[in-house]
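Coordinate inspection notes
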Protein chains: 2
Amino acid sequence: MFFYQNAGRKWDERVSPLTTYFCAGAVGAWRVDRIEAVRGPGLPAAERIDIIDGAEAVARKDARWVLCGVRSHLRYTTAEENVALSRLQPELGRQAASKAALIPIRKNGAWWALAQDERRAIFEENSHHIRIGLDYLPAVARRLYHCRDLGEGFDFLTWFEYAPEHAPAFDRLVNALRVTPEWSFVDREIDLRLTRLAG
Amino acid sequence: MFFYQNAGRKWDERVSPLTTYFCAGAVGAWRVDRIEAVRGPGLPAAERIDIIDGAEAVARKDARWVLCGVRSHLRYTTAEENVALSRLQPELGRQAASKAALIPIRKNGAWWALAQDERRAIFEENSHHIRIGLDYLPAVARRLYHCRDLGEGFDFLTWFEYAPEHAPAFDRLVNALRVTPEWSFVDREIDLRLTRLAG
């Protein structure tokens, strides 16, 4: 038996979504400072997070728990919004950005039953998700990983990097999003804060 | 080590995307009448397709090849379009609908690099994907499976069921879609036609 999992990659050069693993355990470049269950069940304590991605990535066999997601295409962002975001948003991995947040999020069945225009209206026209985020650029670098289609217990893994002096601003960003109409559909959310280890 | 794969399903009742496996081999309810590579590489010949889905589904170990996808939320359809579709579209499994088509499709990197509003405009305002499909309801029952985020060699698996007398209409539907602007982004497409076996 063979799956067509990799067959598509062999015959041409299309970049497929990359899988990223967040592996909790004793090793990894990021130290876990705290894990807070914002809504729904939390995650077991862990000392560090090892982030593994790339075309050949596999999860650590010795991990205590693993979250995985894929970098995928834009789901709500318009071309105009994407220009504004691209102009301001920094890359991950900046030297000064030694603080990070990993926030896995799950939305309820009512959200996923909505049509595309209804979800978009809640996301931006009513909740200003992109507009709020723009206020915190370029201080906060971010990346969104999708995992709903993977059958994970979450729909998204959101990752943010910022310098220690921007930690209060990052908290304001998170708090601003959590009071939006969009967030009334969030039924599980966990907030992990991390510090990059030297070396 | 544990993945959070099923953890989300334990603590509440949200319906997660169901994985469906199309297993090619010697067994299954659908006989393969032909496999045509429309664009890009085809698939190896097979006698039958066994469709396996449900919360506990696993692919057949004796399958020659397997395609898998998930039933997911609406990606372009508006609430208004969804009402029109829901009013007309039949369920799968109708007794008279003994013919089926399984059409795996992949779009190129240029498609996936577009913003949401750009893809939507090509999909409907320029290509009339939904409007064309409506003309063939209720003769053709359909279901869309997503697999891009799964790392498959395809982005979608499209499944259609119709009575033998509607086979010419189904061909007109497929041909109408293949000449749209949207289809210029399709870089791999395979057209499998099947007949449901009695019993």
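Report on the accompanying structure. (Residues numbered from 1 in each chain as written. Chains lettered and ligands numbered in written order. Predicted model: local features only at pLDDT ≥ 70, side-chain atom pairs only at ≥ 80, totals over all residues. Heavy atoms only, no water.)

1. Quick word on the nonpolar core
In this structure, I49 of chain A together with I49 of chain B are the most contacted members of the largest nonpolar core, which totals 58 residues. With residues near it in sequence (within four places) discarded, I49 of chain B still touches F22, C23, A24, V27, G28, A29, W30, V32, W65, L192 and L194 of chain B. (Core = buried A, V, L, I, M, F, W, Y, C linked by side-chain atoms within 4.5 Å. Buried < 20%, exposed > 50% of the residue type's maximum accessible area, 1.4 Å probe, protein only. Contact = heavy atoms within 4.5 Å.)

2. A word on helix 4 (residues 116–126) of chain B
Every buried residue of helix 4 of chain B is accounted for by Q116, R119, R120, I122, F123 and E124 of chain B. Projected down its long axis, helix 4 of chain B shows its buried positions confined to an angular sector of 160 degrees, all on one face. Buried residues belonging to helix 4 of chain B abut helix 4 (116–126) of chain A together with helix 2 (79–88), helix 3 (109–112) and helix 5 (129–134) of chain B. Directly after helix 4 of chain B, the chain includes H128 of chain B, whose backbone phi takes a positive value near 55 degrees. (Helix = DSSP H or I, 4+ residues; strand = E, 2+ residues; numbered from the N terminus. Arc of directions from axis to C-beta.)

3. Let's talk about the environment of T195 of chain A
Residues and elements named next belong to chain A. Structurally, T195 can be placed in strand 9 (residues 186–196). Given the relative accessible area of 10%, T195 is considered buried. Between the C-alpha atom of T195 and that of H73, which follows or precedes it by 122 residues, the distance is 28 Å. Apart from residues no more than four positions distant in its own chain, T195 is found in contact with A29, W30, R31, D33, S98 and K99. A polar atom in the side chain of T195 sits 2.5 Å from the side chain of D33. (Polar contact = N/O pair within 3.5 Å; in protein donor to acceptor, adjacent residues only side chain to side chain.)

4. Some points on the pairing of strand 8 (residues 156–162) of chain A
All names here are of chain A. Counting buried positions along strand 8 yields 7 of 7 residues, so the element is predominantly enclosed. Of the two faces of strand 8, both are covered, the one formed by F156, T158, F160 and Y162 as well as the one formed by L157, W159 and E161. Here 7 bridges tie strand 6 (residues 99–107) to strand 8, and the two strands are oriented antiparallel to one another. Residue pairing for strand 8: I105 is matched across the bridge by F156. With 6 bridges connecting them, strand 7 (residues 141–146) and strand 8 associate as antiparallel partners. By the bridge assignment for strand 8, Y145 is matched with L157. (Pairing = 2+ DSSP bridges.)

5. A word on the environment of A26 of chain A
Residue and element names in this part refer to chain A. By the secondary structure assignment, A26 is in the loop between strand 2 (19–25) and strand 3 (30–39). Spatially, the C-alpha atom of A26 lies 5.7 Å from that of E47, the residues being 21 residues apart in sequence. Beyond its immediate chain neighbours, meaning those up to four positions away, A26 contacts E47 and R48.

6. A few points about the pattern of salt bridges
Side-chain pairs of opposite charge can arise where the charged atoms are in close proximity. Residues and elements named next belong to chain A. Applying the stated criterion to the full structure yields 30 salt bridges over all chains. For R120, the salt bridge goes to E125, with nearest N and O atoms at 3.0 Å. Judged by relative accessible area, which is 44%, E125 ranks as partly exposed. Here the salt bridges do not stand alone but share partners, grouping D171, R178, E189, D191 and R193 into one network. (Salt bridge = Lys/Arg side-chain N within 4 Å of Asp/Glu carboxyl O.)

7. Looking at the relation of the copies chain B and chain A
One copy of the chain maps onto the second through a rotation around an axis plus a translation along that axis. Rotating chain B by 180 degrees and moving it 0.0 Å along the rotation axis overlays it on chain A with an RMSD of 0.0 Å. The relationship between the two copies is best expressed as a two-fold rotation axis. Both copies share a contact surface, since 100% of the interface residues of chain B are interface residues in chain A too. (Least-squares fit on C-alpha atoms with pLDDT ≥ 70 in both.)

8. Some thoughts on the interface of chain B and chain A
Taken together, the contacts link 55 residues of chain B with 55 residues of chain A. Together chain B and chain A conceal approximately 4,700 Å² of surface at their shared face, both sides included; 53% is due to carbon and sulfur atoms. On inspection of chain B and its partner chain A, the count reaches 2 salt bridges. The salt bridge partner of R75 of chain A is D149 of chain B, with a shortest N-O separation of 2.9 Å. Remark: the boundary between chain B and chain A carries 10 residue pairs in polar contact (both at pLDDT 80 or more). Looking at the side of chain B that touches chain A residue by residue, the class counts come to 23 nonpolar, 14 polar and 18 charged. (Buried area = accessible area lost by both parts, 1.4 Å probe. Nonpolar A, V, L, I, M, F, W, Y, C, P; charged D, E, K, R; others polar.)

9. Some details on unusual backbone geometry
A cis amide bond links L137 of chain A with the next residue in sequence, P138 of chain A, at an omega value of 0 degrees. Its place among the elements puts P138 of chain A in the loop between helix 5 (129–134) and strand 7. Positive phi is not limited to glycine here, since H128 of chain B has a value of about 55 degrees. Along the chain, the position of H128 of chain B falls in the loop between helix 4 and helix 5. Judged by relative accessible area, H128 of chain B falls into the partly exposed class, the value being 26%.

10. What to know about the packing of aromatic side chains
Scanning all chains against the criterion turns up 20 aromatic pairs over all chains. Look at Y76 of chain A and W111 of chain A: their rings are 6.3 Å apart centre to centre, the planes differ by 70 degrees, and that puts the pair in the edge-to-face class. Of this pair, Y76 of chain A sits in the loop between strand 5 (65–70) and helix 2 (79–88) while W111 of chain A sits in helix 3 (residues 109–112), placing them 35 residues apart in sequence. Taking relative accessible area as the criterion, W111 of chain A reaches 0% and is therefore assigned buried. With centroids separated by 5.7 Å and ring planes inclined at 35 degrees, the aromatic side chains of F22 of chain B and W159 of chain B adopt a geometry described as tilted. Of this pair, F22 of chain B sits in strand 2 (residues 19–25) while W159 of chain B sits in strand 8 (residues 156–162), and the two are 137 residues apart along the sequence. You can call W159 of chain B buried: its relative accessible area is 2%. Over the aromatic face of W111 of chain A sits the side chain of K107 of chain A, whose NZ or CZ is 3.9 Å from the ring centroid. (Phe/Tyr/Trp six-rings, centres within 6.5 Å; stacked < 30°, edge-to-face > 60°. Lys NZ or Arg CZ within 6 Å of the ring centre and 35° of its normal.)

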